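# Breakdown of the fold
As a plain string of letters, each chain reads:
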Amino acid sequence: MAEWSLEEDCGPEGARGPQPGLLRRSLRALSDMVMPPVCLVCRTRIEAHDALCARCWRDIDFIRPPLCDRLGLPLPFDTGGTMISAAAAADPPPFARARAVAAHTGSMRTLVHALKFHDRQDARRLLGKWLVEAGRELLVDSEVVVPVPLARGRLLARRFNQSAILSREVARLAKLSFEPLLLERTRATASQVGLSRGERQRNVRGAFAVPTRLAARAKGRNILLIDDVITTGSTVGACARALIRAGAGRVDVLALALVTDQAPIPG
Ligand SMILES: [Zn+2]
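Scoring rules and cut-offs
- Residues numbered from 1 in each chain as written.
- Predicted model: local features only at pLDDT ≥ 70, side-chain atom pairs only at ≥ 80, totals over all residues.
- Pairing = 2+ DSSP bridges.
- Helix = DSSP H or I, 4+ residues; strand = E, 2+ residues; numbered from the N terminus.
- Contact = placed C-beta atoms within 7 Å.
- Axes fitted to C-alpha atoms, helices over the stretch in contact; angles between N-to-C directions.
- Expected span 1.5 Å × (residues − 1).
- Buried ≥ 20, exposed ≤ 12 C-beta atoms within 10 Å, placed from the backbone.

Spatial ordering of the open sheet is given by β1-β7-β6-β2-β3, a layout of five strands whose pairing is parallel. Both outer strands of the open sheet, β1 (98-103) and β3 (177-178), are each paired with one neighbouring strand and no more. Sheet topology note: the strand β2 (residues 144-147)/strand β6 (residues 223-230) ladder contains four bridges and is parallel. Of the residues in β6, the one forming a bridge with Val 144 is Ile 223. Across the sheet, helix α7 (residues 124-134) touches β1 and β7 (251-258), and the angle it forms with β1 is around 130°.

Here it is, written out as structure tokens:
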């Protein structure tokens, strides 16, 4: 995967947009003087905006094929065709397919944490590009992009929903509908941090629903559900169930990071 930069990011939109290239380059030169480009992870100076330094780049464990088609887990061998991991075969998830950009380690873990807790929206463009790349085969089949909703209390404390920010960016890049309110929390849930798999599943079971007033927007639609991290798959599983209950067609899941040291299981 090539290093993404603002130059590339401006490509499709900038080329067709009304803003001439010369003006855009001048504005960028001006902004570089005011805010020189820095690595999104370690903040050292680099050549281009919206990128990582070589060291932080090498520290990202990108998830590459061969993958389990259902859970998106890396598999050791490519046996050809569509492959399913033993975990997915034993306990099929409620969603059709999950994909993630990278393992939840190193620089990706830092980026996810920064997005979640420090309002680091400057990483949005790069992360959106990565998501579109990792979710290429899901996006082809998707019509609507929906974020995993935050609990109300957490939304207020944190002021924004990082999954909604990522979803909006993916919808913009892939030219799909963005439905930030299609899923809502129906009850408060404890933080999933530190819980076992079983506890996580119980914690989020039935905690999501499609509001009745928006049910028509879910019915029969192929939905791409977006979260920042998939740990055990409990949360995205509960969300997928709620969407399917509301009549959604296919539900796929796309995340920045996947905890790969334990097999995600449906929740
Ligand atoms: Zn760096």
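Here we take up helix α6 (residues 106-117). Between the first and last C-alpha of α6 there are 17 Å, a value that for 12 residues agrees with the 16 Å anticipated at 1.5 Å per step. Inspection of α6 places Ser 107, Met 108, Arg 109, Leu 111, Val 112 and Leu 115 among the buried residues, and these make up the whole buried set.

As for its placement among the helices and strands, Leu 173 is situated in helix α10 (residues 162-174). The exposure class assigned to Leu 173 is partly exposed, which follows from the 19 C-beta atoms found within 10 Å. Considered as a pair, Leu 173 and Val 132 are 41 residues apart in the sequence and their alpha carbons are 7.5 Å apart. Residues in contact with Leu 173, not counting those within four places in the same chain, are Gly 128 and Val 132.

What follows is about unusual backbone geometry. That bond from Pro 65 to Pro 66 is cis: its omega, 5°, falls within 30 degrees of zero. Position of Pro 66 relative to the elements: it lies in the loop between α4 (54-58) and α5 (86-90). Here the phi dihedral of Arg 43 falls at roughly 70°; this positive angle occurs in a residue that is not glycine. Counting through the fold element by element, Arg 43 comes out in the loop between α3 (21-34) and α4. Positive phi values are uncommon outside glycine, yet Asp 50 reaches one of about 55°. Secondary-structure assignment places Asp 50 in the loop between α3 and α4. On the basis of neighbour count, Asp 50 is assigned to the buried category, with 23 C-beta atoms found within 10 Å.

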